[in-house]
Amino acid sequence: MCGIAGIVGPIGDGQIASGQAVLNRLMHRGPDQDGVWHSSSCFLGHRRLSIIDLSEGGRQPMVDPDTGMVIVFNGECYNYRELREELEARGRRFRSTSDTEAILAAYAAWGEAATARLRGMFALAIHDPRDGSVLLVRDRLGIKPLYYAQAGGRLYFSSELRSLLAVGDIRPKLDRAGLGAYLWHGFVPGPRTLIEGLRLLDPASTLRVSAGGEIIDERRYWRLPDATVPADGVEAERQGDGDKVEAAAHVLGTERRDSLSRVGAEGCVERARDEKC
């Protein structure tokens, strides 16, 4: 279990201090290492729990030496080896064995389209120096959380809702609709939270933020596929819902099987513990 945090917008000493304060509240998520990177328009922070690559090569924030792109990543990409092999066939050279580097290289090669090729449980942010924008991404099933808020002309994000309360520009105010949802369901369905103005990025979604801290767009990069149903009138209509449920169960089952087949027992225990947090 790792933790990520960041600020997009004008960055000065005050924002660096705020970013570090948010990161300090994520210490329990990554006791092995912490790291920060910042520019005039972006602050990225990471708390690391080393699992796949235990070396310094997996340290974050990670900077791509060819493009200058920077990533912070929480979670695991199950198909990173396949992505790495495809990129190596295109001439890409890797410095580590981490899934983080494979994701960064995939984004450098394919841009935002790379998100649809990722299989796993993750939340990540990538800073693109070409226009100063930052792309936030959450995994297909929404296993890993990613919260964000706009305040003081900037966008703040973090792996945990409560850590964002360390930001001076964010003044907590109870979201009454969120509270009503919590009392009714026992949880708050995203993107709303219990704090007014703090949002949870939807599963299988990306959020692109400009260098000025403004949201450019939010889009969904993956959906459950529809089942193919024979067009034979009433019978097709009768079977449609059941087939869609079966197709959805198959896709979701594949996602979960991937999570078990890509790592050993130790990794499965770690994921089970993480999903309860």
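The rules behind the values
All chains use their own residue numbering, which begins from 1 and follows the written sequence. Selection of residues for local features in this predicted model requires a pLDDT of at least 70, selection of side-chain atom pairs for listing and counting requires 80 or more, and totals for whole chains, interfaces and linings are taken over all residues. The side-chain figures draw on all heavy atoms in the structure; neither hydrogens nor water molecules are used. Starting at the N terminus, helices and strands are each numbered in turn, a helix being any DSSP run of H or I of at least four residues and a strand any DSSP run of E of at least two. Between buried and exposed lies partly exposed: a residue is buried under 20% and exposed over 50% of the maximum accessible area for its type, with that area taken using a 1.4 Å probe on protein chains only. Contacts between residues were defined by any pair of non-hydrogen atoms, one from each residue, lying within 4.5 Å. Using a 1.4 Å probe, accessible areas were evaluated by the Shrake-Rupley method; residue-level cover was limited to the displayed protein chains. Side-chain rings of Phe, Tyr and Trp (the six-membered ring for Trp) are treated as a pair once their centres are within 6.5 Å; stacked means planes under 30 degrees apart, edge-to-face means over 60, and tilted covers the remaining angles. Any Lys NZ or Arg CZ that is within 6 Å of a ring centre and within 35 degrees of that ring's normal is treated as a charge sitting over the ring. For the purposes of these results, a polar contact is taken to be a pair of N or O atoms within 3.5 Å, where, inside protein, one atom must be able to donate a hydrogen and its partner to accept one; residues adjacent in sequence count only when each atom of the pair is a side-chain atom. The way it works is a 1 Å grid over only the protein atoms, where trapped points that fit a 1.4 Å probe form a cavity and open points with protein on both sides within 12 Å along at least five of seven lines form a pocket, and then any residue with an atom within 4 Å of a point lines it. Grid points are joined across faces, edges and corners, and a volume is the space filled by probe spheres set on the points. Following the grouping adopted for this structure description, the nonpolar residues are Ala, Val, Leu, Ile, Met, Phe, Trp, Tyr, Cys and Pro, the charged ones are Asp, Glu, Lys and Arg, and the polar ones are all others, Gly among them. For every residue, the pLDDT score states the predictor's confidence, bounded by 0 at the bottom and 100 at the top. What makes two strands pair is DSSP finding at least two bridges between them. Axes here refer to lines fitted to C-alpha atoms; in helices the fit is confined to the stretch in contact. Angles between the N-to-C directions go from 0 to 180 degrees.

Draft legend 1. Quick peek at the overall build of the protein. Counting its secondary structure elements, the protein contains six helices and 12 strands. Sorting the 277 residues of the protein into buried and exposed places 49% on the buried side. Across the protein, contacts joining residues at least 24 apart in sequence account for 57% of those joining residues at least 6 apart. When the accessible area of the protein is evaluated, it comes to approximately 13,500 Å², of which 51% is carbon and sulfur surface.

Draft legend 2. Structural detail: the packing of aromatic side chains. As enumerated under the stated definition, the model contains one aromatic pair in all. Over the face of the ring belonging to Phe94 we find Arg92, whose NZ or CZ atom lies 5.8 Å from the ring centre. When the ring centre of Trp110 is taken as origin, the NZ or CZ atom of Arg117, which lies over that ring, is 3.9 Å away.

Draft legend 3. Up close: helix α4 (residues 176–185). The N-cap of α4, judged by a side-chain oxygen 3.0 Å from the amide nitrogen of Ala177 a few residues on, is Asp175. Downstream of α4 by one or two residues, Gly186 has phi in the positive range, about 90°.

Draft legend 4. Focus on unusual backbone geometry. Note the cis peptide between Gly190 and Pro191, where omega equals 10°. One non-glycine residue, Ala204, lies in the positive phi region at around 55°. Along the polypeptide, Ala204 turns up in the loop between β10 (198–200) and β11 (205–209). By relative accessible area, which is 0% here, Ala204 ends up buried.

Draft legend 5. Region of the structure containing empty space enclosed by the protein. Counted according to the given criterion, the structure contains one cavity of 30 Å³ or more. The volume enclosed by the largest cavity comes to roughly 60 Å³. Ile103, Ala106, Tyr107, Ala114, Thr115, Leu118, Leu124, Ile126, Leu135 and Val137 together form the lining of the largest cavity. For the lining of the largest cavity, the secondary-structure elements that each account for two or more residues are α3 (99–110), β6 (120–128) and β7 (133–138). Partitioning the lining of the largest cavity into residue classes produces nine nonpolar, one polar and no charged.

Draft legend 6. Quick peek at the confidence of the model for the protein. Summing up the model confidence of the protein, the mean pLDDT is 85 and the portion of residues at 70 or higher is 78%. Counting contacts from residues 263–277, a segment whose pLDDT is below 50, to residues more than four positions away or on other chains yields 21 contacts.

Draft legend 7. Looking closely at the sheet that holds strand β3 (residues 42–48). Pairing is antiparallel in the open sheet, where six strands are placed in the order β2-β3-β1-β9-β8-β10. One side of each edge strand has no neighbouring strand; the edge strands of this open sheet are β2 (33–38) and β10. Across the sheet, the axes of successive neighbouring strands diverge by a mean angle of 15°, strand direction being ignored. Sheet analysis places strand β8 (residues 147–151) next to β10, joined by three bridges and oriented antiparallel. Directly across from Ala149, in β10, lies its bridge partner Leu198.

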